[in-house]
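Fold and geometry: a report
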Amino acid sequence: AQSVTQLGSHVSVSEGALVLLRCNYSSSVPPYLFWYVQYPNQGLQLLLKYTTGATLVKGINGFEAEFKKSETSFHLTKPSAHMSDAAEYFCAVSTFTGGGNKLTFGTGTQLKVEL
Amino acid sequence: SQTIHQWPATLVQPVGSPLSLECTVEGTSNPNLYWYRQAAGRGLQLLFYSVGIGQISSEVPQNLSASRPQDRQFILSSKKLLLSDSGFYLCAWSGSGERNIQYFGAGTRLSVL
């Protein structure tokens, strides 16, 4: 079975500082990996995805993530945090089943950006 | 372009009352559809998914049920709500072209009192 672990339920950074949100996964097959962002009382928005090919993937709002198979990790980074990045971030792994796919989510990391 | 609608946005219901949450998708055909629940501090839990009309798979035994009466309509229901049914309910869809990517609605905040 697939699983996702997000280290740190709360992360606080200063505006302009590096953002690093950690995600480790467990999968019995080559994984498809995702990062989603959720602003208060809203749905989830896809930030970026890894399916196959280049292991460094770029997403919206300046975020990127690197798939490291040997470390079973898919950490999310952004070089310079902005106040508007404050939100909850979810890492997810995809499992194909019966013609569809299911996402298994981590428990989320709340990012706080301080002046 | 594709859009997904969920309603209502918020709902306050007494224990023991029925529930019906609706989700519709526009701009695509034969989508996979999903219902998730997000409880405070617990991430997202997949409740149901559907790969076609009338085809429902349940992931977690619970007080809820789902139905798909039309290709782009997905309904979450309960006959009698429990306090533990409170949470944020999210509907999602994935398209026939990229089944592995799910797109989410804005969610329904349900409070059972």
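The structure this text deals with has already been given above.
Attention here is on the structure that accompanies the text. Keep in mind that this is a model prediction, so the values were computed, not measured.

Quick notes on the rules
Within any chain, residue numbers begin from 1 and follow the written order of that chain's sequence. The lettering of chains begins at A and the numbering of ligands begins at 1, in the order of writing. Local features in a predicted model are, by the rule used here, given only for residues with pLDDT of at least 70; side-chain atom pairs are given and counted only at 80 or more, and totals for whole chains, interfaces and linings are based on all residues. Side-chain metrics in this entry use all non-hydrogen atoms of the structure; hydrogen atoms and water are not considered. Secondary structure counts use DSSP, requiring at least four H or I residues in a row for a helix and at least two E residues in a row for a strand, with both numbered from the N terminus. Each radius of gyration reported is based on C-alpha atoms, and the globular scaling rule is 2.2 Å times the count of residues to the power 0.38. Per-residue accessibility, obtained with a 1.4 Å probe over protein chains only, is compared with the maximum for each type, and a residue is labelled buried under 20%, exposed over 50%, and partly exposed between these values. Between two residues, a contact is recorded if the distance between any of their heavy atoms is within 4.5 Å. A positive count includes Lys and Arg, and a negative count includes Asp and Glu. His and the chain ends are not counted in either. To locate a charge, take NZ of a lysine, CZ of an arginine, CG of an aspartate or CD of a glutamate. One requirement defines pairing of two strands: DSSP has to find at least two bridges between them. As a rule, the C-alpha atoms of each element are fitted with a line to give its axis, helices using only the stretch in contact, and angles between N-to-C directions run from 0 to 180 degrees. Residues grouped as a nonpolar core are buried Ala, Val, Leu, Ile, Met, Phe, Trp, Tyr and Cys residues, joined through side-chain atoms within 4.5 Å. As a working definition, buried area equals the accessible area (1.4 Å probe) given up by two parts on being put together, with both sides summed. The rule for a salt bridge is simple: a side-chain nitrogen of Lys or Arg has to be within 4 Å of a carboxyl oxygen of Asp or Glu. Any N or O atom pair separated by 3.5 Å or less is treated as a polar contact, with the protein-specific requirement of one donor-capable and one acceptor-capable atom, and with residues adjacent in sequence counted only for side-chain atom pairs.

This part covers the overall build of chain A. Regarding its fold elements, chain A presents 0 helices and 12 strands. Computed over C-alpha atoms, the radius of gyration of chain A comes to 14 Å, within 12% of the 13 Å expected from 2.2 N^0.38 for 115 residues, which places it in the range of a compact globule. With the C-alpha coordinates of chain A rotated into their principal frame, the extents come out at 45 × 30 × 20 Å. Counting all 115 residues of chain A, 44% fall into the buried class. Within chain A, residue pairs in contact and separated by at least 24 positions form 55% of the contacts whose partners lie at least 6 positions apart. Averaging the coordinates of the 8 positive side-chain charges in chain A and doing the same for the 7 negative ones gives two points 8 Å apart.

With that out of the way, let us pick up the overall build of chain B. Summing up its helical and strand segments, chain B has 0 helices and 11 strands in all. Here chain B has a C-alpha radius of gyration of 13 Å; the compact-globule value for 113 residues is 13 Å, and the two agree. For the C-alpha atoms alone, the extent of chain B along its principal axes is close to 40 × 25 × 20 Å. Relative to its full complement of 113 residues, chain B shows a buried share of 50%. In chain B, 55% of the contacts between residues at least 6 apart in sequence involve partners at least 24 apart. Where the 8 positive side-chain charges of chain B centre and where its 6 negative ones centre are 8 Å apart.

So, about the sheet that holds strand S1 (residues 3–7) of chain B. All names here are of chain B. On the basis of which strands lie adjacent, the open sheet formed by 4 strands has the order S1-S3-S8-S7 and antiparallel pairing. Each edge of the open sheet carries a strand with a single partner, namely S1 and strand S7 (65–70). In this sheet, neighbouring strand axes are inclined to one another by 20° on average, regardless of whether the strands run parallel or antiparallel. Inspection of the sheet shows strand S3 (residues 19–26) paired to strand S8 (residues 73–78) by 6 bridges, in the antiparallel sense. When the bridges of S8 are listed, Cys 23 appears paired with Phe 74.

A few words on the nonpolar core. Residue and element names in this part refer to chain A. Core analysis: the biggest nonpolar cluster contains 26 residues, and Trp 35, Leu 48, Phe 74, Leu 76 and Tyr 89 have the highest contact counts within it. Secondary structure elements with two or more residues in this core: strand S2 (10–14), strand S3 (19–21), strand S5 (32–38), strand S6 (44–50), strand S8 (64–68), strand S9 (73–78), strand S10 (87–97) and strand S12 (109–114). The element contributing the most residues to this core is S10, with 4 residues. Ignoring any residue separated from it by four or fewer positions in sequence, one finds Leu 48 in contact with Leu 33, Phe 34, Trp 35, Val 57, Lys 58, Gly 59, Phe 63, Glu 64, Ala 65, Phe 74 and Leu 76.

It is worth spelling out the interface of chain B and chain A at this point. Frequently, the measure chosen for interface size is the accessible area that the parts lose on association. In this complex, chain B contributes 23 residues to the contact, which on the side of chain A involves 25 residues. Sorting the residues of chain B by area buried against chain A places Leu 44, Asn 100 and Phe 104 of chain B first, and these three jointly supply 30% of that buried surface. Across the contact surface, chain B and chain A share 1 salt bridge. Taking the shortest distance from any N to any O, the salt bridge between Lys 102 of chain A and Glu 59 of chain B comes out at 3.0 Å. On the surface where chain B and chain A come into contact, there are 5 residue pairs in polar contact (both at pLDDT 80 or more).

The subject of this paragraph is the pattern of salt bridges. Residue and element names in this part refer to chain B. Inspection of every chain in the model, using the stated rule, returns 6 salt bridges over all chains. Two residues, Asp 85 and Arg 37, come together in a salt bridge whose shortest N-O distance is 3.8 Å. Taken together, the residues Asp 85 in the loop between S8 and strand S9 (87–94) and Arg 37 in strand S4 (residues 32–38) connect sequence positions 48 residues apart. Taken individually, Asp 85 and Arg 37 each receive the classification buried, so the pair is uniform in this respect.

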